[in-house]
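Secondary and tertiary structure notes
Each chain, letter by letter, is given below.
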Amino acid sequence: MPTHSPFWRNGALALGLLLPGAALAQAPAAAPAAAPAAAPAAAPAQSPDTVVAKVNGATITAGDLAVAADDPALSLPGVDEAQKRNLLVDYMVDLKIGAQAAEKDKVAESPDFARKLAYFRDKLLLDEYLEREAKKAVTPQAERALYDETVKAMKPEEEVHARHILVDNEAEAKKIAARLKAGEDFAKVAAETSKDPGSKAEGGDLGWFTKERMVAPFADAAFKMEAGKISDPVKTQFGWHVIKVEEKRSKPVPSFDEMKEQVEAYLTRKTQQDIITKLREGAKIERVGAAPAVAPKADEKK
């Protein structure tokens, strides 16, 4: 795949699933799978109640480690399982030692701690509830139905596969166009003359693109051309272009498997948003007075 040219429009369509009725962005081609290495033997599963450490008589279990492993703040990418387990045990030991010291110092008895504890309890309850309900709603049938609905609403979109040569002035562009129309190889001439570092090494190849992904004068010219033709010089804010359209096609629709992860993420978010909306509609909510200003923390005053 050629490196993108610097005159690609900023803010090109992001890859992903849009709301039903909008288009699915094209999924990238999957990289060839490497031959899998021999997997190490899996460690035998432990009961959540299995004790893995003790701190001043207090136990730390395999279940405690599993909870810690789910904490995004403790993500350990690239660390093998044995090392990760040891690091989590060390962390849980430190956590338990610190918590015991705080208990001894009666930190839990302060009103501020009680408020924080209530807040994080509510937050954890909500997170667990939303996760549980989303798992019920995001079924294979719901995923397929959303994908089919979205694909059905899509309108055919034309794509062009083109090459270009970028130069500084019209006179030079005219000379290059004449050489190409006389039969010289486009890739060879592009490597010799193009000022576009993003495509020069690829013989000017820009790959496949939709019309909105290119600046207007370039896109207008490319999409009017027939496959195999060489353009007259085209001026944009980047300079003068000579374009060759290689092929045209209707943009292919990504398969369900290519979009499954994004479909699932969309359904999960939508389910959770719908739950919150329904809960608010059924709740008696009273706002009393104006919301107080939040006082800055001590370190923010400095």
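For the structure given in this document, a descriptive report is provided here. Each chain carries its own residue numbering, running from 1 in the direction its sequence is written. Selection of residues for local features in this predicted model requires a pLDDT of at least 70, selection of side-chain atom pairs for listing and counting requires 80 or more, and totals for whole chains, interfaces and linings are taken over all residues. Hydrogens and waters are ignored; side-chain quantities use all the structure's heavy atoms.

1. Comments concerning the environment of Asp148
Operational definition: In this text, helices come from DSSP runs of H or I with a minimum length of four residues, and strands from runs of E with a minimum of two, each type numbered from the N-terminal end. Only protein chains enter the accessibility calculation, which uses a 1.4 Å probe; a residue whose area is less than 20% of its type maximum is buried, one above 50% is exposed, and one in between is partly exposed.
Looking at the secondary structure, you find Asp148 in helix 4 (residues 140-153). Overall, the relative accessible area of 36% leaves Asp148 in the partly exposed class. A C-alpha to C-alpha distance of 8.6 Å links Asp148 and Phe256, two positions 108 residues apart in sequence.

2. Looking at the pairing of strand 3 (residues 158-167)
Remark: a regular strand shows side chains that alternate across the two faces of the sheet. Test applied: Being paired, for any two strands, means DSSP has found at least two bridges between them.
Counted residue by residue, strand 3 has nine buried out of 10 residues, so it is predominantly covered. Note: strand 3 against strand 6 (residues 239-250), 10 bridges, orientation antiparallel. Each residue of the ladder has a partner; that of Arg163, found in strand 6, is Lys244. In the sheet, strand 3 pairs with strand 4 (residues 205-210) via four bridges, with the strands oriented antiparallel. By the bridge assignment, His161 is partnered in strand 4 with Trp208.

3. Side note on the sheet that holds strand 5 (residues 234-236)
We count it as follows: Axis definition: a line fit to C-alpha positions, over the contact stretch in the case of helices; interaxial angles, taken between N-to-C directions, run 0 to 180 degrees. What makes two residues a contact is simply this: any of their non-hydrogen atoms within 4.5 Å.
Across the sheet, four strands lie side by side as 4-3-6-5; this open sheet has antiparallel pairing. Whereas interior strands pair on both sides, the edge strands pair on one side only; in this sheet they are strand 4 and strand 5. Taken over all neighbouring pairs, the strand axes of this sheet differ in orientation by 45 degrees on average, direction set aside. Sheet analysis places strand 5 next to strand 6, joined by three bridges and oriented antiparallel. When the bridges of strand 6 are listed, Thr236 appears paired with Gly239. Where helix 6 (residues 186-193) meets the sheet, it contacts strand 3 and strand 6, and its direction lies at approximately 45 degrees from that of strand 3. Against the sheet, helix 7 (residues 216-224) contacts strand 3, strand 4, strand 5 and strand 6, and its axis sits at roughly 45 degrees relative to strand 6.

4. Structural notes on the packing of aromatic side chains
Note the threshold: Pairs were defined over the aromatic rings of Phe, Tyr and Trp, the Trp ring being its six-membered one, requiring ring centres within 6.5 Å. Orientation was assigned from the angle between planes: stacked under 30 degrees, edge-to-face over 60, tilted for the rest. Two conditions define a charge located above a ring, namely a distance within 6 Å from the ring centre to NZ of Lys or CZ of Arg, and an angle within 35 degrees of the ring normal.
Under the criterion given, the structure shown has four aromatic pairs. Measuring from ring centre to ring centre gives 6.1 Å for Phe209 and Phe223, while their planes differ by 70 degrees; the resulting arrangement is edge-to-face. Remark: Phe223 occurs in helix 7 and Phe209 occurs in strand 4; sequence separation between them is 14 residues. On the accessibility criterion, Phe223 (12% relative accessible area) is buried. In this structure an aromatic cluster arises from ring pairing among Phe209, Phe218 and Phe223. The ring centre of Phe256 lies 4.1 Å from the NZ or CZ of Arg144, which sits over that ring. Across from the ring centre of Trp208, 3.9 Å away, lies the NZ or CZ of Arg249, which sits over that ring.

5. Some words on the pattern of salt bridges
Heads up, the rule is: Basic side-chain nitrogens of Lys or Arg form a salt bridge, by our definition, when they fall within 4 Å of a carboxyl oxygen of Asp or Glu.
The full count for this structure, using the stated rule, is 16 salt bridges. The shortest N-O distance in the salt bridge between Lys116 and Asp112 comes to 3.6 Å. In this pair, Lys116 and Asp112 both sit in helix 3 (residues 111-137), four residues apart, roughly one turn of the helix. On the basis of relative accessibility, which here comes to 46%, the residue Lys116 falls in the partly exposed class. Note that Glu246 and Arg163 form a salt bridge whose closest N and O atoms lie 2.7 Å from each other. Pair noted here: Glu246 is in strand 6 and Arg163 is in strand 3, with a separation of 83 residues, a long-range link. When its relative accessible area of 25% is taken as the criterion, Glu246 is described as partly exposed. Here the residues in one salt-bridge network are Arg179, Glu184, Lys188 and Glu192, joined through shared partners.

Remember, this is a structural readout, not a statement about activity or role.
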